[in-house]
Amino acid sequence: MSSYITAIQPLMLKLPRVKFCSLVFKQCWNCDENLSLTSAFCNKCNKLQPLNPDYTHFEVLGIERNFSIDTVALVKTYRNLQVRFHPDRYSTKSEQEQQFAVGHSSAINKAYRCLLHPVERALYLLELADQPLHEGQLDMEPAFLMEIMEVNEELAEAEDKETVQAIGQRNQEILKRLLRDADAAFSAGNTREARSVVAKIKYYNNVYEKVREYEREHGILD
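Now for a look at the structure at hand. Remember, predicted model here, so these are calculated numbers, not experimental data. (Residues numbered from 1 in each chain as written. Predicted model: local features only at pLDDT ≥ 70, side-chain atom pairs only at ≥ 80, totals over all residues. Heavy atoms only, no water.)

So, the environment of Pro53
You can see Pro53 is positioned in the loop between strand E3 (34-36) and helix H2 (57-61). Considered as a pair, Pro53 and Ala107 are 54 residues apart in the sequence and their alpha carbons are 9.1 Å apart. (Helix = DSSP H or I, 4+ residues; strand = E, 2+ residues; numbered from the N terminus.)

Quick notes on unusual backbone geometry
Of note, Asp32 is a non-glycine position whose phi angle comes to about 70 degrees, a positive value. Considering the arrangement of structural elements, one finds Asp32 in the loop between strand E2 (23-27) and E3. Unusually for a residue other than glycine, Asp130 sits at a positive phi of about 60 degrees. Mapped onto the fold, Asp130 is located in the loop between helix H5 (118-128) and helix H6 (142-157). Residue Asp130 is classed as exposed on the basis of its relative accessible area of 64%. (Buried < 20%, exposed > 50% of the residue type's maximum accessible area, 1.4 Å probe, protein only.)

A word on the packing of aromatic side chains
What the rule picks out here adds up to 7 aromatic pairs. A centroid spacing of 5.9 Å and a plane angle of 10 degrees characterise the contact between Phe41 and Phe85, whose relative ring orientation is stacked. In this pair, Phe41 is assigned in the loop between E3 and H2 and Phe85 in helix H3 (residues 71-85), connecting sequence segments 44 residues apart. The residues Phe41 and Phe85 share a single accessibility class, namely buried. (Phe/Tyr/Trp six-rings, centres within 6.5 Å; stacked < 30°, edge-to-face > 60°.)

A word on the layout of surface pockets
By volume, the largest pocket amounts to about 250 Å³. Along the walls of the largest pocket sit 19 residues, with Thr38, Ala40, Leu51, Tyr55 and Val60 positioned nearest its centre. For the lining of the largest pocket, the secondary-structure elements that each account for two or more residues are H2, H3 and helix H4 (95-116). A per-element tally of the lining of the largest pocket places H3 first, with 4 residues. (1 Å grid on protein atoms, 1.4 Å probe; cavity = no way out; pocket = protein on both sides within 12 Å on 5 of 7 lines; lining within 4 Å. Points joined across faces, edges and corners; volume = space filled by probe spheres on them.)

The structure is reproduced here in structure tokens:
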């Protein structure tokens, strides 16, 4: 993505923002037509425009910035955008449009992969709020850490798939509750609470991944 931005920087110098009647515009790199900042194509020459490098994943996909997302609608949106901006569709277009198509497609893929997964989505929202959650940045209560340690020990000592699946089901219920709590915190704009909840989600998501790994190794999952 960084190489794409570097490649189009000279072209983006031709895209000044022009303000008329309190509205902000950009100019088409090809014909200098004034366009809205969100225009993907020029309405005069129909050329593909470069993607705004400052767009969030939500803006790239054209969806609202929320933790709660309709994943079925997200998949549909992603597929429609990939069809619209797939580089193969621009193989006979100008070199500029081919570069822009690669940039659009890459950003769409990256945004989709992040927002589809609730844990990655939560971590991304914290980053957008300038409250990123990194390892070791949040002190967890000893009782909580002890609880996680006991779950991991129980999982390590499990001798049959029934025990592992029971641990997995219990863990899933906890994750569902924490995800609801995270949704409530993000919806209320309580970033501090959301950050605390997401930290717990990361621990339980690690347990989830261990259960999945066990199930794959023992043929329970494909």
